[in-house]
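Overview (structure and organization)
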Amino acid sequence: MTIVRSLVLFVLAAVFEIGGAWLVWQGWREHRGAAWIAAGILALAAYGFAATFQPDAHFGRILAAYGGVFVAGSLLWGVVMDGFRPDRWDLAGAAICLVGVAVIMYAPRG
């Protein structure tokens, strides 16, 4: 159950961070306005809190592992929200990152 909770928190953090950055991007680069930017800032703040609920107590481990989730999640966000088409190298890189997440977070420790 701890691994499931951790995975859910990683997904939640990714939605907040990637979504927040996307909202700021849309507000500024796509000229959608201050409300989009403000929503992005709030989402980014929520991301900052999401990581604190991870069951592991080590900040460095959690943020390092989250980096892999961010890579894969960013590609997926681009597919869903912007019509981005990742190539095989994008997918291979994301898979490598997710294997890194599994090793960093869920390897047995003694």
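Basis of the calculations
Residues numbered from 1 in each chain as written. Predicted model: local features only at pLDDT ≥ 70, side-chain atom pairs only at ≥ 80, totals over all residues. Heavy atoms only, no water. UniProt positions renumbered as here; feature names shortened; annotations may be inferred. Axes fitted to C-alpha atoms, helices over the stretch in contact; angles between N-to-C directions. Helix = DSSP H or I, 4+ residues; strand = E, 2+ residues; numbered from the N terminus. Parallel < 35°, antiparallel > 145°, perpendicular 65-115°, else oblique. Left-handed = near helix turned anticlockwise from the far one by under 90°. Contact = heavy atoms within 4.5 Å. Nonpolar A, V, L, I, M, F, W, Y, C, P; charged D, E, K, R; others polar. Salt bridge = Lys/Arg side-chain N within 4 Å of Asp/Glu carboxyl O. 1 Å grid on protein atoms, 1.4 Å probe; cavity = no way out; pocket = protein on both sides within 12 Å on 5 of 7 lines; lining within 4 Å. Points joined across faces, edges and corners; volume = space filled by probe spheres on them. Buried < 20%, exposed > 50% of the residue type's maximum accessible area, 1.4 Å probe, protein only.

- Under an unreviewed UniProt entry, the name given to the chain is UPF0060 membrane protein, and the organism recorded is Microbispora amethystogenes.
- Taken from UniProt, the Subcellular location (unreviewed entry) comment for the chain reads in full: "Cell membrane".
- In its Sequence similarities (unreviewed entry) section, UniProt records this for the chain: "Belongs to the UPF0060 family."

1. Structural notes on the packing of helix H1 (residues 2-29) against helix H3 (residues 59-82)
- Interaxial distance between H1 and H3 falls to 9 Å at its minimum, and their mutual angle equals 55°. With respect to H3, the element H1 is oriented oblique. Seen from above, H1 lies across H3 with right-handed handedness. For the pair formed by H1 and H3, the contact residues are Phe10, Ala13, Ala14, Val15, Glu17, Ile18, Gly19, Trp22 and Gln26 on the first element and Ile62, Ala65, Tyr66, Val69, Phe70, Gly73, Ser74, Trp77, Met81 and Asp82 on the second.
- Looking at the contact of H1 with H3, its residues break down into 13 nonpolar, 4 polar and 2 charged.

2. Considering the packing of H1 against helix H2 (residues 34-50)
- It is the contact of H1 with H2, at a shortest axis distance of 7 Å, that shows an interaxial angle of 160°. The orientation of H1 with respect to H2, classified from their angle, is roughly antiparallel. In this structure, H1 crosses over H2, and the sense of that crossing is left-handed. On the side of H1, the interface is formed by Leu9, Ala13, Phe16, Glu17, Gly20, Ala21, Trp22, Leu23, Val24, Gln26, Gly27 and Trp28, while H2 contributes Trp36, Ile37, Ala39, Gly40, Ile41, Ala43, Leu44, Ala46, Tyr47 and Ala50.
- Here the contact of H1 with H2 is built from residues that sort into 17 nonpolar, 4 polar and 1 charged.

3. Quick look at the pattern of salt bridges
- Inspection of every chain in the model, using the stated rule, returns 1 salt bridge.
- A salt bridge links arginine 61 to aspartate 56; its shortest N-O distance comes to 2.9 Å.

4. Some words on empty space enclosed by the protein
- Counted under the stated rule, the structure contains 1 cavity of 30 Å³ or more.
- Considered as a void within the structure, the largest cavity measures approximately 40 Å³ in volume.
- As for the largest cavity, its lining consists of Leu9, Phe10, Ala13, Tyr47, Ala51, Gln54, Ile62, Leu63 and Tyr66.
- Mapped by element, the contributors of at least two residues to the lining of the largest cavity are H1 and H3.
- Looking at side-chain class alone, the lining of the largest cavity contains 8 nonpolar, 1 polar and no charged residues.

5. Some points on the environment of phenylalanine 49
- Counting through the fold element by element, phenylalanine 49 comes out in helix H2.
- When its relative accessible area of 58% is taken as the criterion, phenylalanine 49 is described as exposed.
- On a C-alpha basis, the gap between phenylalanine 49 and phenylalanine 16 in space is 9.8 Å, while along the polypeptide they are 33 residues apart.

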